[in-house]
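# Examining the three-dimensional arrangement
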Amino acid sequence: MDQLQFDDATKVGTHHLHPLFAALQTTLQKELATFLEREQAHARVNDSIRNLTGMCWDKCITGTPGSRFARGEESCLSNCVERFLDTSIFIVTQVQRQQQQLLQAQGDSSSSP
Amino acid sequence: MPDFFKASSHAPDSAQAGTNARKEAVMSSIRSEIALVNVQELINKATEKCFAKCVPKPGTSLTSSDEACLARCLDRYMEAFTVVSRSYTARISRESSQLREAAAGI
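None of these values were measured; they are calculated from a predicted model.

Turning our attention to the overall build of chain A. For chain A, the count of helices and strands is three helices and zero strands. The buried share among the 113 residues of chain A stands at 12%.

A word on the overall build of chain B. Looking only at helices and strands, chain B features three helices and zero strands. Burial analysis of chain B (106 residues in total) assigns 13% to the buried set.

A separate point is the confidence of the model for chain B. All names here are of chain B. When pLDDT is averaged along chain B, the result is 87, and 88% of the positions lie at 70 or above. Here helix α1 (residues 3-7) is the element of chain B with the lowest mean pLDDT, 46, and helix α3 (residues 64-105) is the one with the highest, 94. Throughout residues 1-9 the model reports pLDDT below 50, and contacts reaching past four residues in sequence, or to other chains, amount to three contacts. For this predicted complex, the interface confidence comes out at an ipTM of 0.77, alongside a pTM of 0.75.

Right, let's get into the confidence of the model for chain A. Residue and element names in this part refer to chain A. When pLDDT is averaged along chain A, the result is 85, and 83% of the positions lie at 70 or above. Mean pLDDT in chain A bottoms out at helix α1 (residues 2-14), which sits at 47, and peaks at helix α3 (residues 73-111), which reaches 93. Of the regions scoring below 50 in pLDDT, residues 1-10 engages in three contacts with residues more than four places distant in sequence or in other chains.

So, about the interface of chain B and chain A. Counting residues at the interface gives 28 residues for chain B and 27 residues for chain A. Those elements that provide at least two residues to the side of chain B that touches chain A are α2 (13-54) and α3 of chain B. Residue contributions to the side of chain B that touches chain A peak at 14 residues, all from α3(B).

Take the UniProt feature "domain: Tim10-like" (unreviewed entry) in chain A next. Annotation from UniProt places "domain: Tim10-like" (unreviewed entry) at residues 35-96 of chain A. Helix and strand shares over residues 35-96 of chain A are 81% and 0% respectively, and the end C-alpha atoms of the span are 33 Å apart.

This paragraph deals with the packing of helix α2 (residues 19-60) of chain A against α3(B). Remark: α2(A) packs on α3(B), axes separated minimally by 9 Å, with the N-to-C direction vectors making an angle of 120 degrees. It follows that α2(A) is oblique to α3(B) by the angle criterion. Both α2(A) and α3(B) take part in a crossing whose hand is right-handed. Every residue of α3(B) that contacts α2(A) at Ile49(A), Leu52(A), Thr53(A), Cys56(A) and Trp57(A) is listed here: Tyr77(B), Ala80(B), Phe81(B), Val84(B), Ser85(B) and Tyr88(B).

A few words now on the nonpolar core. Judged by nonpolar contacts, the single largest core of 20 residues is most densely connected at Leu52(A), Cys56(A), Leu77(A), Val81(A), Tyr77(B), Ala80(B) and Val84(B). Mapped by element, the contributors of at least two residues to this core are α2 and α3 of chain A together with α2 and α3 of chain B. Looking at this core, the element that brings in the most residues is α3(B), giving seven residues. What Leu52(A) contacts, discounting residues up to four positions off in sequence, is Val81(A), Phe84(A), Val84(B) and Tyr88(B).

Now for the environment of Ala35(B). All names here are of chain B. Relative to the helices and strands, Ala-35 resides in helix α2. Classification of Ala-35 as partly exposed rests on a count of 13 C-beta atoms within 10 Å. Ala-35 sits 28 residues away from Thr-63 along the chain, and the two C-alpha atoms are 33 Å apart.

Another aspect to go through is α2(A). With 42 residues, α2(A) extends 61 Å between its outermost C-alpha atoms, agreeing within 8% with the 62 Å of an ideal straight helix rising 1.5 Å per residue. Of all the residues in α2(A), the buried ones are Leu24(A), Ile49(A), Leu52(A), Thr53(A), Cys56(A), Trp57(A) and Cys60(A).

Before going further, it helps to spend a moment on the environment of Asp58(A). All names here are of chain A. Position of Asp-58 relative to the elements: it lies in helix α2. The exposure class of Asp-58 is partly exposed, given the 13 C-beta atoms found within 10 Å. A sequence separation of 27 residues divides Asp-58 from Leu-85, and the C-alpha atoms of the two residues are 17 Å apart.

Parameters at a glance
Residues numbered from 1 in each chain as written. Chains lettered and ligands numbered in written order. Predicted model: local features only at pLDDT ≥ 70, side-chain atom pairs only at ≥ 80, totals over all residues. Helix = DSSP H or I, 4+ residues; strand = E, 2+ residues; numbered from the N terminus. Buried ≥ 20, exposed ≤ 12 C-beta atoms within 10 Å, placed from the backbone. pLDDT = per-residue confidence, 0-100. Contact = placed C-beta atoms within 7 Å. UniProt positions renumbered as here; feature names shortened; annotations may be inferred. Axes fitted to C-alpha atoms, helices over the stretch in contact; angles between N-to-C directions. Parallel < 35°, antiparallel > 145°, perpendicular 65-115°, else oblique. Left-handed = near helix turned anticlockwise from the far one by under 90°. Core = buried A, V, L, I, M, F, W, Y, C linked by C-beta atoms within 7 Å. Expected span 1.5 Å × (residues − 1).

As structure tokens, then:
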């Protein structure tokens, strides 16, 4: 939404500007769009890491927290991350496979009267 | 910066410098805004998790042992965040380099 407002504001501005400034504004606009995209991607990664930390904390840190990680807690945390990502990939491929089977079944039934 | 800016001798350098400075200012304020939100959310999460672990039966005030537990818990939570972050980024870079190799093989 903010980006839309920003676009509109710059578009209005360009009408009265010297072509050089108009070109400058266009590149600036593109640069800022790229910048925002990159920052948003970064923020998404940070969100996943934060969520994963919460989830894996519940799974791996079972006792009262000590002055350092108990035996196996740290490796549990990294296993937790790896297995979560495995799970994510597995679920996606599973859904894709089911979708393909469904399409195949539909194709079969429509070809045979 | 595209080349045509450098080539143009009519480019008003001071105006361009001003624009650049403003651009950098906008970018860095957006960056710190995002960082602030991230830290706030991490602290909220740590509060929730450590309250669950360290204050099982809330009394009329936090006891000193509650506080000692909370301090340790916060340290461990931040450490857990670091471990998760390290594993996550390592996995992502592993996956993307595999993807690149696969793409190069085609």
